[in-house]
Amino acid sequence: MKVLVVGKGGREHALVWKLAQDVRIETVYAAPGNIGMTEAVCVPIREDAIEELVQFARDEQIDWTIVGPEGPLVLGIVNAFQAAGLQIFGPSREAAAIEGSKQFAKALMDRAGIPTADHAVFTSAAEAIAYIRRQGAPIVVKADGLAAGKGVTVATTIEQAVQAIDEIFAGDFGQQSSVVIEECLVGEECSLMAFVHEETVIPMVLSQDHKRAFDGDTGPNTGGMGAYSPLPQFDEAAVTEEAMQRVLRPLVEQMASEGIPFTGFLYAGLMLTSRGPSVIEFNARFGDPETEVILPRLETELLDVIIPLMQGNIPEVLWSDDAVVGVVVAANGYPEQPVTGHPVQTSTIGSDVLIFHAGTAAGDEEKIVSAGGRVLVCVAKAKDMQQAVATVYNGLDSFDRTGFFYRTDIAKKAFRTT
Ligand code: AMP
Ligand code: GLY
């Protein structure tokens, strides 16, 4: 079989790595992929060049296509592939709006009775600011549309919230005409992803992202600076069951009943509050960097999940009990202004660390250089989290950090005693 992975980051490298272990797959293609994806044949087609991707999949007789990022999903890559009679796993353009528009997601959650933060939408900066002054801080300000987790400000003061409004309307996150203001939820976050085909939902194991740039959850929000799984500080079975009942099942049932069934990898970003799980966001795809720590625990081949699911069956999905941690090596200046072009010397990273490339490219003299905000995701798997954490950080000890930074406290919350 031939499989195509659409995308170019660390999540897609993890997908390629997982698929390449499946003996039935003779070639994994990645479009456009990145220089670190040695397991794949990279084809120079951009992830949003949908017609070209359809053409390639047809010409190469690709059996299955798996999409990493939200961009092509929101543009309708699944609609286009299916119209061409090609097999692809992901949500339609209409269903991907669960991620593409926060307003659509909020309205849908209201209709389905899914717990989420109270919110209000404004198209005028003055009205938004007046509302913030009435509500008080803490309060959350979000740019509507896609800003890769970076258009969000959790403001602890009214001044911070007002500043965020000014930035959004000044176009700092692309052209924005509206802003979402949310109640600030209090609790610990976790990510629950699921394999979904219409009304069938199979939850994956839990993981936790680290959204802030610096240690101790300080600094600006990023796309994610590291992740780990499992989460020993929680009763995972209970959290998963409650989230299935209150969040995932109501969501897929509501979407199906409205004629926009969801199929694909569904991501729920949850705040575990004193009143139970509350939704921070849905994504219509695998999380990044969650994928990089989840897939090393998945013992079943991805196609043994996807194919039966698409045929209307319920696959058996097996997970390893091992602990996995992933640390993002980011370019200095990320997320605001990442400085790229620095040599990336992966050979100095410990051999017991799995290296997923995210923002890397070919430089001069066969060197690999940084080419994005998140550069590498370094992953270790061990019998317990303590060992996994020691392995990944020891493995990074000799890495030449010139031009890069990473958090040194990934998975620390796993060791907190409650
Ligand atoms: P989002 O892009 O919506 O996932 O938001 C990015 C991050 O901002 C989340 O992972 C949370 O850490 C934080 N956040 C977003 N919404 C809220 C909220 N209503 N209450 C508290 N924190 C939030
Ligand atoms: N790690 C969160 C996301 O993928 O959006």
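Thresholds, definitions, all that
- Residues numbered from 1 in each chain as written.
- Chains lettered and ligands numbered in written order.
- Predicted model: local features only at pLDDT ≥ 70, side-chain atom pairs only at ≥ 80, totals over all residues.
- Heavy atoms only, no water.
- Pairing = 2+ DSSP bridges.
- Helix = DSSP H or I, 4+ residues; strand = E, 2+ residues; numbered from the N terminus.
- Axes fitted to C-alpha atoms, helices over the stretch in contact; angles between N-to-C directions.
- Parallel < 35°, antiparallel > 145°, perpendicular 65-115°, else oblique.
- Contact = heavy atoms within 4.5 Å.
- Nonpolar A, V, L, I, M, F, W, Y, C, P; charged D, E, K, R; others polar.
- Buried < 20%, exposed > 50% of the residue type's maximum accessible area, 1.4 Å probe, protein only.
- Near = heavy atom within 4 Å.
- Polar contact = N/O pair within 3.5 Å; in protein donor to acceptor, adjacent residues only side chain to side chain.
- Areas by Shrake-Rupley, 256 points an atom, 1.4 Å probe, with all protein chains shown as cover.
- Phe/Tyr/Trp six-rings, centres within 6.5 Å; stacked < 30°, edge-to-face > 60°.
- Arc of directions from axis to C-beta.
- Salt bridge = Lys/Arg side-chain N within 4 Å of Asp/Glu carboxyl O.
- Expected span 1.5 Å × (residues − 1).
- Core = buried A, V, L, I, M, F, W, Y, C linked by side-chain atoms within 4.5 Å.

*Asks:* Honestly, the sheet that holds strand β6 (residues 119–122) in this entry has me stumped. Any pointers?
*Replies:* Strand pairing in a sheet is mediated by backbone hydrogen bonds. Such pairs are either parallel or antiparallel. Judged by pairing direction, the sheet is antiparallel, and its four strands sit side by side in the order β6-β9-β7-β8 without closing on themselves. Because the sheet does not close on itself, it has two edges, and the strands there are β6 and β8 (152–155). The sheet shows a mean angle of 20° between the axes of neighbouring strands, taken without regard to direction. Sheet analysis places strand β7 (residues 139–143) next to β8, joined by four bridges and oriented antiparallel. Along β8, the bridge assignment pairs Lys-142 with Val-152.

*Asks:* What is the right way to read the packing of helix α6 (residues 102–112) against helix α9 (residues 236–257) from this model?
*Replies:* To describe two helices that pack against each other, one gives the angle between their axes and the distance between the axes. With their axes 9 Å apart at the nearest point, α6 and α9 run at an angle of 100° to one another. The orientation of α6 with respect to α9, classified from their angle, is roughly perpendicular. Between α6 and α9, the contacting residues are Leu-108, Arg-111 and Ala-112 on the first element and Pro-250, Leu-251, Gln-254 and Met-255 on the second. Of the residues that constitute the contact of α6 with α9, the class distribution is five nonpolar, one polar and one charged.

*Asks:* Honestly, the environment of Pro-44 in this entry has me stumped. Any pointers?
*Replies:* Looking at where Pro-44 falls in the secondary structure, it is placed in the loop between β3 (41–42) and α2 (50–59). Judged by relative accessible area, which is 80%, Pro-44 ranks as exposed. Taking the C-alpha atoms as reference points, Pro-44 and Ala-164, separated by 120 residues in sequence, lie 37 Å from one another.

*Asks:* So what exactly am I meant to see when it comes to the site of ligand 2 here?
*Replies:* Taken together, Asp-209, Lys-211, Gly-223, Tyr-267, Glu-281, Asn-283, Arg-285, Gly-287, Asp-288, Pro-289 and Glu-290 are the residues near ligand 2. Between a nitrogen atom of ligand 2 and a main-chain N or O atom of Asp-288, the distance comes to 2.9 Å. A distance of 2.8 Å separates a nitrogen atom of ligand 2 from a polar side-chain atom of Glu-290. Out of a free accessible area of 200 Å², ligand 2 has 93% covered by protein chains.

*Asks:* Honestly, the packing of aromatic side chains in this entry has me stumped. Any pointers?
*Replies:* Working definition: an aromatic ring pair is given by the centre-to-centre distance plus the angle between the planes. This model, assessed by the stated rule, comprises nine aromatic pairs. Residues Phe-214 and Phe-405 carry aromatic rings whose centres are separated by 5.8 Å and whose planes lie at 50° to one another, so their mutual orientation is tilted. Here Phe-405 lies in strand β23 (residues 404–405) and Phe-214 lies in strand β13 (residues 212–214), a separation of 191 residues in the sequence. On the basis of relative accessibility, which here comes to 39%, the residue Phe-214 falls in the partly exposed class.

*Asks:* Just to check I follow, could you spell out α6 for this structure?
*Replies:* Residue pairs spaced three or four apart in an α-helix point in one direction, given the helix's 3.6 residues per turn. Among all positions in α6, only Lys-102, Ala-105, Lys-106, Leu-108 and Met-109 are buried. With its buried residues spanning 165° around the axis, α6 presents them on a single face. Buried positions along α6 lie against α5 (93–100), β6, β7, β9 (179–183), α9 and β17 (276–283). Phi turns positive one or two residues past the end of α6, at Gly-113, with a value near 70°.

*Asks:* Quick question: what am I supposed to make of the pattern of salt bridges here?
*Replies:* If the charged atoms of two oppositely charged side chains come close together, the side chains can form a pair. Using the criterion set out here, one finds 21 salt bridges in the structure. Put simply, Asp-22 and Arg-24 hold a salt bridge, and the shortest N to O gap is 2.7 Å. Of the residues examined, Asp-22 reaches a relative accessible area of 3% and is grouped as buried. Of the charged contacts in the structure, one is a salt bridge between Arg-46 and Asp-48, with a shortest N-O distance of 3.0 Å. With a relative accessible area of 57%, Arg-46 lands in the exposed category. Linked through salt bridges whose partners overlap, the residues forming this network are Asp-217, Arg-407, Asp-409 and Lys-413.

*Asks:* How do you make sense of helix α8 (residues 158–169) when you look at a structure like this?
*Replies:* With 12 residues, α8 should cover 16 Å at 1.5 Å per step; its first-to-last C-alpha distance of 17 Å lies within 8% of that length. Of all the residues in α8, the buried ones are Ala-161, Val-162, Ala-164, Ile-165 and Ile-168. Buried residues in α8, looked at end-on, bunch into an arc of 155°, giving them a common side. Looking at the buried residues of α8, the elements they touch are α7 (125–135), β7, β8 and β9. Phi for Gly-171, located one or two positions after α8, is positive at around 90°.

*Asks:* Help me out: how do you make sense of the nonpolar core in this one?
*Replies:* The tendency in soluble globular proteins is for nonpolar side chains to be buried side by side. Of all hydrophobic cores here, the largest spans 79 residues; its most connected members are Ile-77, Ile-98, Leu-248, Leu-270, Phe-282, Val-325 and Met-385. A per-element tally of this core places α9 first, with eight residues. Residues in contact with Ile-98, not counting those within four places in the same chain, are Phe-104, Ala-105, Leu-108, Leu-251, Met-255, Phe-262, Phe-282 and Ala-284. Counting residues in each nonpolar core, the second largest holds 44 residues, with Leu-295, Leu-303, Val-324 and Phe-356 among its members.

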